[in-house]
Amino acid sequence: MVYSAPGTRLRNGAGGLAFLIASVVAWPAQAAEPDEAQLLGNVRQLTFEGRRAGEGYFSRDGSTMVFQSEREPGNPFYQIYLMDLETGDTHRLSPGTGKTSCAWIHPGGGKALFASTHRDPDALAKQREELEKRASGKGRRYSWSFDPHYDIYEVPAAGGDPVNLTNVLGYDAEGSWSPDGEHILFASNRHAYEGKLSEKEQEILSRDESYFMELYVMRSDGSEVRRLTDTPGYDGGPFYSHDGSRITWRRFTPDGGSAEVYTMNVDGSGAKPVTRLGAMSWAPYFHPSGDYIVFATNLQGFHNFELYMVDADGERDPVRVTYSEGFDGLPVFSPDGSQLSWSSGRTSDKRPQIFIADWNDAEARRLLGLDRESPSEAPAAPPPDVPRTKAAIDADDLRGHVEILASEEMEGRLTGTPGERRATAYVASAFEALGLKPAGDDGGYFQNFDFTSAVSLGPNNRLSVEGVAQAPVLDRDWRPLGLSAAGSTGPGEVVFAGYGIVAPANGESPAYDSYGELDVAGKWVLILRHLPEDISQAQRQHIFRYAEMGYKAATARSRGAIGVIVASGPNAQVKDQLVPLSFEAAAAGATLAAVSVSDGLADAMLASAGKSLGQVQDSLDTGEAAAGFPLPAVRVTAAVDLVPETGVGRNVLARLPAGDAPSDERVAVGAHVDHLGRGIEGKSLALGDEQGKVHYGADDNASGVAALLEVAEYLADLKARGKLPLKRDVLFAAWSGEELGILGSTHFTRGFGGDADRETLHPEIAAYLNMDMVGRLDKQLSLQGVGSSPVWPREIEKRNVPVGLNIVTSDSAFMATDATAFYLKGVPVLNAFTGAHGDYSTPRDTPDKLNYAGMQKVARLIALITRSLATAAEAPDYIRQEPTSRSPRRRTSRVYLGTIPDYSQTDVEGARISGVAKGGPAEAAGLQNGDIVVEMAGQTIGNIYDYSHALDGLKVDTPVEMVVLRDGQRVTLTLTPGARE
Ligand SMILES: [Zn+2]
């Protein structure tokens, strides 16, 4: 029997776990399998004395180990001992009375901490009782009670009186010092005893105290206690990484049924799972390099805990370490990483003792794939060499840049991916080759920015579909959508609502309404993914934006639905029936549940109404918005648990200097370098088997970046030849994050000058010229944003004389591209664009389709205008505009508010307003920049989609109430929408 006696307490074992281990009978004697030798050499037993031992932790210098062992006469429970690893001398640190657990040595070596119940007045009685139980052979079905007498104490390493560091009601244990010795990380259920629990929580506490265990940190003297986690279920067993930058621990599901290994920053932010094994994975411990984590899991069988390891980012599959039947757990590395110590039941009496072995770090890295490039770090290959180019703006040079940026190896340049890193590295090399000065962070060319890159599944996802005879399996039968709200929803009835699209009539395209008279309030809506298959191209173009998943969810929500269930249907021609788990920046903060289900599950649900999925989809795909219908026999309940992951994108910034020091003003020229990778749900327009392929983005926007490089080369050459008398620097920028919502340029403009709230960056940024899609020149070039400065018509006229382009201008400076980030900060902007085409946002946007002679002309025009602005005596004036009906996403709305929603928001609950038009209805109502709209016309606004959607419901000249958050206060405004022109 292992861990069967009362008093057994493992830092990393929940009550349920101790119970499970306790129910194991002796394993047959068996030598370790040879596989273990690949990582572990010279495996040997370290402790022998007493009934059992475990939880051995090295001192920071590796010379001593603190551990717990049942070896004290008269006390059946664990006490804490310190072993000198050089001499083998061992002495007891704990008082000898009561139960103890979870020791740790201060990095200075002079003291140790542990958890103990020795102040419990009944401690001795409990010892006697336990000894009697053992003598009688009872007490085997032990399950740990979270003895609230446990508190954390410290003692001198030489021995002495324990000093109490925690003294509140509740269980405090599992402590360890930070590597600098300043803080103690520990686990506690103390908040359950603060008298703030609901009735239901009280009931849970009475049967499972571990449910309330959370991670805490305090100063080394016990002061400044701060809570780090806040999720139901046992969080425990935390340890710092060797450098003190991260924490790893294990998180149980609320029912204690399984546990996964997590990591987070030391302030509690950035928590993410690194295992997704669906087993009991616990006792994680960082390798001193911080590159990987060793842990124990019962993946191999309910009672067979083995050691595994996983890379610290959790990006690869865990690799098995031990191959010994029976218990292996509680692993730790020696501080130099050369040894592994753990508790193992591979002893002659099958009771656990501490073992130690030599650790093969190189083999561990090989097995984990850490000897290869990480998928999310440096590029697998160095960026391609920058080709030799002519100083003049040249069509062949442009083609060379485009062919590299839009090549297979750039993988579509999705922000935060290796392809984006490779592309930005290429741009940086090109800037450097031109002799431009770095203008990014820390003296380099790059400027990093964080963004929410993805979501992953947390441990608590469940779907139940009552009335349909199956238990849906996650990732096979169903999966939450990345934009889903978290938490539990339902049980609720289900209504089928076709494609879930409501689009107004537009020109020749009739209105499309999947809902009609359907009552979906308080119910789930089952809808089809994408849009009807067999409709005209014109209608497809029109209703596409209403078919975005985020818009469909908002549509359902505005009708009172509690959640959406999405099925692909047999006609969808998708690679995966389940919607891939992806994250849309603009969809952050969704306010209703959204799940994707397999065709089989959807079919079973529809069968309850006597329909089949194929049949209803066939009739809908003709383009008719046939009426939906309720599924009276079905009840759906979902629990959604999504873990956001943060990615890092990077801009590339370089400067052509006017003088020795950076000038006070600069003219900026830019183009976005990022694209859609293999297609982002809701942005890609790939059809059929194009889906999932690399979206090369030759026109969007390798063309703009190639033109940027040619403009830079031309101006750098002019300057080198003394023909460019610069009055101000020229800043060249390749932005990332544009496709995710102009994230890179927004990061730049917000960070510029160090004050995110500055109204204007003008004239420090005298003007901004943008190129987004300049590779498909056909009849004419569009120059947009002309209304942002009086200088543009004159400049365009003058500089186009030698170039000779057919130009059409538009005034609005509100565009769905990076120029808008600058315009909102008071900077005159101009955007060059050669027009939309059928290959836009598909894998068909390839280099062979570009007009390089046309690009040459566009680049020449932009270069000449840049030269003119950079050499002019004065910065051009800025004209403040009201947003017009050309603003992104607002093309078809009938009402006019004069607000500019912030499309780059990722973490706001509500819709943040980044601009208010002068003289518009919003300004008249008192709306201000930075306000976050949380309610409009009685509807809760959870995000930008809700906001867009709520706008569609407003009436011209009919006042509505709007509630905004301003400096944390709710402010109610009365707004009277105007009419669009
Ligand atoms: Zn673009």
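Residues numbered from 1 in each chain as written. Predicted model: local features only at pLDDT ≥ 70, side-chain atom pairs only at ≥ 80, totals over all residues. Heavy atoms only, no water.

### Some points on the coordination of the zinc ion
Octahedral metals with six donors have ideal donor angles of 90 or 180 degrees. Tetrahedral metals with four donors have an ideal donor angle of 109.5 degrees.
Then comes step 1: Donor atoms from the polypeptide that coordinate the zinc ion comprise His 672 (NE2), Asp 700 (OD), Asp 772 (OD) and Asp 772 (OD), at 2.0 to 2.7 Å from the metal.
Then comes step 2: In the primary structure, the donors to the zinc ion are separated according to the pattern H-x27-D-x71-D. Taken together, the positions of Asp 700 in helix α11 (residues 698-720) and Asp 772 in the loop between β39 (765-771) and β40 (781-784) put the pair 72 residues apart, joining distant regions of the chain.
Then comes step 3: Under the relative-accessibility criterion, Asp 700 is labelled buried at 3%. (Donors = N, O, S within 2.8 Å, 3.2 Å for Na, K, Ca; no water. Helix = DSSP H or I, 4+ residues; strand = E, 2+ residues; numbered from the N terminus. Buried < 20%, exposed > 50% of the residue type's maximum accessible area, 1.4 Å probe, protein only.)

### Remarks on the packing of aromatic side chains
Then comes step 1: Overall, the coordinates contain 29 aromatic pairs when judged by the stated rule.
Then comes step 2: Aromatic pair Tyr 234 and Phe 252: ring centres 6.0 Å apart, planes at 25°, arrangement stacked. With Tyr 234 in the loop between β13 (226-227) and β14 (235-240) and Phe 252 in strand β15 (residues 246-252), the pair connects residues that are 18 residues apart, well separated along the chain.
Then comes step 3: Here Tyr 234 falls in the buried class, since its relative accessible area comes to 2%.
Then comes step 4: Residue classification places Phe 252 among the buried positions, given a relative accessible area of 2%.
Then comes step 5: On the basis of an interplanar angle of 70° and a centroid distance of 5.2 Å, the ring pair of Phe 333 and Trp 359 is categorised as edge-to-face. One end of the pair, Phe 333, is in strand β22 (residues 328-333); the other, Trp 359, is in strand β24 (residues 353-359), with 26 residues separating them in the sequence.
Then comes step 6: The exposure class assigned to Trp 359 is buried, which follows from its relative accessible area of 7%.
Then comes step 7: In this structure an aromatic cluster arises from ring pairing among Trp 735, Phe 748, Phe 752, Tyr 768 and Phe 822. (Phe/Tyr/Trp six-rings, centres within 6.5 Å; stacked < 30°, edge-to-face > 60°.)

### A look at the sheet that holds strand β5 (residues 90-92)
Then comes step 1: Read from one edge to the other, the open sheet built from 4 strands follows the order β2-β3-β4-β5, with strand pairing classed as antiparallel. Two strands in the sheet have a free side with no partner beyond their single neighbour: β2 (53-58) and β5. Going from strand to strand, the sheet's axes swing by 25° on average, the running direction of each strand aside.
Then comes step 2: Both strand β4 (residues 79-84) and β5 contribute to a ladder of 3 bridges, which runs antiparallel. From the neighbouring strand, Met 83 faces β5, where its bridge partner is Thr 90. (Pairing = 2+ DSSP bridges. Axes fitted to C-alpha atoms, helices over the stretch in contact; angles between N-to-C directions.)

### Some points on empty space enclosed by the protein
Then comes step 1: Per the stated rule, a full pass over the model turns up 5 cavities of 30 Å³ or more.
Then comes step 2: In this model, the largest cavity occupies a volume close to 270 Å³.
Then comes step 3: Around the largest cavity, the lining comprises 20 residues; the ones closest to its centre are Arg 60, Trp 104, Tyr 240, His 242 and Tyr 285.
Then comes step 4: Here the residues of the lining of the largest cavity sort into 13 nonpolar, 6 polar and 1 charged. (1 Å grid on protein atoms, 1.4 Å probe; cavity = no way out; pocket = protein on both sides within 12 Å on 5 of 7 lines; lining within 4 Å. Points joined across faces, edges and corners; volume = space filled by probe spheres on them. Nonpolar A, V, L, I, M, F, W, Y, C, P; charged D, E, K, R; others polar.)

### As for the pairing of β15
Then comes step 1: Within β15, 7 of the 7 residues are buried, leaving the element largely enclosed by the surrounding structure.
Then comes step 2: Of the two faces of β15, the one lined by Arg 246, Thr 248, Arg 250 and Phe 252 and the one lined by Ile 247, Trp 249 and Arg 251 are each fully buried.
Then comes step 3: The pairing of β14 with β15 spans 4 bridges and is antiparallel. Along β15, the bridge assignment pairs Tyr 240 with Ile 247.
Then comes step 4: Hairpin connection between β14 and β15: a loop of 5 residues separates the two successive antiparallel strands, and Gly 244 in this loop has a positive phi of roughly 75°.
Then comes step 5: Taking the residues between adjacent antiparallel strands as the criterion, β15 and strand β16 (residues 259-265) are bridged by 6 residues, where Gly 256 takes a positive phi near 75°.

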